Amino acid sequence: MTEADARWLARAAELGEAQVGHTAPNPAVGAVCVRNGRVLGEGAHLRAGGPHAEVNCLAACAEEPAGATLYVSLEPCSTAGRTPPCCDLIRAKRLGRVVIGCLDPNPRHAGRAVGLLRAAGIDVTVAEGEVAERCRALIAPFAKAITQGLPYVRLKLAMTLDGFIADGMGASRWVTGPEARAWVQRLRARVDAVMVGAGTVRADHPSLQPHLPDAPLKWRVLVDRFTPPDPADVDERTLVATRDLGYDGHDLRAMLRALCARGVNDVLCEGGGRLAGALLDAGLVDELNVLYAPKILGDPAARPGLAIAPRPLARALAFAPVAREALGPDTLIRLRPN
Ligand code: AOF
Ligand code: ZN
């Protein structure tokens with residue numbers, strides 16, 4: 001793989017990244033067709049059931065792509081799903097070379113394209129290094145969902161330095177500042193569903209939708225173990241866990257499986273403390289996003305961000321920080337459970 005290959009593949013990944021949050025249960029994928037350092041066409045997968053990135057890219061080519069190189073962030077599919085196999089199209093269009101960002105974790109495809117395309121006389125390169133990492137990160141939620149039947153779970157906690165999400169009177173607007181809240185809106189736009197305890201929704205009535213132009217409406221999952229949902233909070237985009245996902249009040253894993261079966265690959269949990277704690281205790285969290293507001297409440301009646309079974313220091317839940325970012329006065333820490 002050359003430096004130019006890495007650059008074109010990065011462009012394919014960028015086209016895919018722009019579709020994150022729109023394609024569930026499919027992965028977001030981007031593609032670029034190039035001849036002699038010149039772009040013939042670009043494309044992305046826009047929504048499940050619609051044409052794949054390769055199809056849109058090749059349809060956008062101003063001239064016949066025979067002999068050209070196709071850069072695609074994910075291995076082209078080799079069997080028919082809702083749409084025909086991209087490998088057939090690549091052969092029919094007689095591309096000279098295909099550069100793949102990462103292999104498809106879907107067992108129906110998983111690596112088959114490489115042999116199929118090579119057998120058709122097409123030069124195939126599977127990327128390595130940084131750009132390959134980027135392409136894998138792009139489909140991480142899809143990879144977990146397709147191989148484990150569980151969605152990728154992100155937990156967001158926005159709290160004071162002493163770990164509270166509302167004061168002793170129940171006031172929660174706002175713990176964090178506008179920059180942190182805007183970051184949460186962008187995160188919501190990138191996931192497939194937002195999950196929250198029914199008690200938190202009853203207390204705060206958050207819309208849980210990304211209030212951004214072009215962001216599709218998300219599923220709102222109300223987990224009603226301790227508190228029944230207020231009918232006023234249930235609309236056509238709401239899934240009530242006990243009613244719609246067969247949740248028995250204990251088996252969160254089974255509930256997440258049912259959510260995944262509904263086509264949710266990527267779910268954001270926004271609290272409350274008991275649900276967040278239960279997910280962490282059950283080892284179901286893939287990524288933790290803590291937004292710390294530079295405030296202290298010190299009120300034992302305040303609402304804690306996390307309710308978790310007590311642990312001795314030696315067995316504390318431990319995390320590896322992956323990034324720290326300043327959002328106005330607040331601090332975002334992204335962590336992965338160890
Ligand atoms: C590609 N290009 O842009 C995407 C792919 O039901 P279908 O036909 O849409 O197939 C869905 C599967 O295709 C999905 O599970 C994943 O393995 C792959 N996604 N493949 O060649 C794309 N989105
Ligand atoms: Zn395809």
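Refer to the structure presented above.
These lines cover the structure that appears in this document, whether it is placed above or below. Since the model is a prediction, treat every value here as computed from it, not as a measurement. (Residues numbered from 1 in each chain as written. Chains lettered and ligands numbered in written order. Predicted model: local features only at pLDDT ≥ 70, side-chain atom pairs only at ≥ 80, totals over all residues. Heavy atoms only, no water.)

**Some details on helix α10 (residues 252–261)**
Residues lying three or four places apart along an α-helix face the same way, a consequence of the helix completing one turn every 3.6 residues. What α10 keeps buried is the set Leu252, Met255, Leu256, Leu259 and Cys260. For α10, the buried positions fall inside an angular range of 145 degrees around the axis, keeping them on one side. Within two residues after α10, Gly263 carries a phi angle of roughly 95 degrees, on the positive side. (Buried < 20%, exposed > 50% of the residue type's maximum accessible area, 1.4 Å probe, protein only. Helix = DSSP H or I, 4+ residues; strand = E, 2+ residues; numbered from the N terminus. Arc of directions from axis to C-beta.)

**Concerning the coordination of the zinc ion (ligand 2)**
Around the zinc ion (ligand 2), the protein contributes the donor atoms His52 (ND1), Cys77 (SG) and Cys86 (SG), at 2.0 to 2.2 Å from the metal centre. Metal-centred angles of 102 to 117 degrees between the four donor atoms at the zinc ion (ligand 2) mark the site as tetrahedral. Mapping the donors of the zinc ion (ligand 2) onto the primary sequence yields the spacing H-x24-C-x8-C. Each member of the pair Cys77 and Cys86 is classed as buried. (Donors = N, O, S within 2.8 Å, 3.2 Å for Na, K, Ca; no water. Tetrahedral: all angles 85-135°; square planar, octahedral: opposite > 155°, others 65-115°.)

**Thoughts on the site of ligand 1**
Taken together, 18 residues form the shell around ligand 1, and within it His52, Glu54, Arg82, Thr83 and Asp104 come nearest. Between ligand 1 and the protein, one listed contact pairs an oxygen atom with a side-chain N or O atom of Glu54 at 2.7 Å. Here an oxygen atom of ligand 1 sits 2.8 Å away from a polar atom, N or O, in the side chain of Thr83. Starting from 510 Å² of accessible surface for ligand 1 in isolation, the protein chains cover 95%. (Near = heavy atom within 4 Å. Polar contact = N/O pair within 3.5 Å; in protein donor to acceptor, adjacent residues only side chain to side chain. Areas by Shrake-Rupley, 256 points an atom, 1.4 Å probe, with all protein chains shown as cover.)

**Focus on the nonpolar core**
Judged by nonpolar contacts, the single largest core of 41 residues is most densely connected at Leu9, Cys33, Leu70, Ile90, Leu95, Val98 and Leu117. With near-sequence residues (within four places) excluded, Ile90 lies in contact with Glu54, Leu70, Pro76, Leu95, Val98, Leu117 and Ile122. Counting 32 residues, the second-largest nonpolar core is a separate cluster that includes Leu157, Tyr247, Leu252 and Leu279. (Core = buried A, V, L, I, M, F, W, Y, C linked by side-chain atoms within 4.5 Å. Contact = heavy atoms within 4.5 Å.)

**Structural notes on the sheet that holds strand β6 (residues 152–160)**
Overall, mixed pairing links the eight strands, which are arranged β10-β9-β8-β11-β6-β12-β15-β14 in an open sheet. Strands at the two margins of the open sheet, each flanked by one partner only, are β10 (238–240) and β14 (319–327). For this sheet, the mean inter-axis angle between neighbouring strands, taken without regard to orientation, is 20 degrees. Seen against the sheet, helix α7 (residues 178–190) touches β6, β8 (193–197), β11 (266–269), β12 (287–293), β14 and β15 (330–337) and runs at an angle of roughly 160 degrees to β12. (Pairing = 2+ DSSP bridges. Axes fitted to C-alpha atoms, helices over the stretch in contact; angles between N-to-C directions.)

**Here's the deal with the sheet that holds strand β3 (residues 69–72)**
Spatially, five strands are ordered β2-β1-β3-β4-β5 in an open sheet, and the strand pairing comes out mixed. Each end of this open sheet is capped by a strand with a single partner; those strands are β2 (38–44) and β5 (123–126). Sheet twist, expressed as the average angle between the axes of neighbouring strands with direction ignored, equals 15 degrees. The pairing of strand β1 (residues 30–35) with β2 spans six bridges and is antiparallel. By the bridge assignment for β2, Cys33 is matched with Gly41. Packed on one face of the sheet, helix α1 (residues 3–17) meets β1, β2, β3 and β4 (97–100) and runs near 145 degrees to β1. Lying on the sheet, helix α4 (residues 112–119) is in contact with β4 and β5; it crosses β5 at an angle near 160 degrees.

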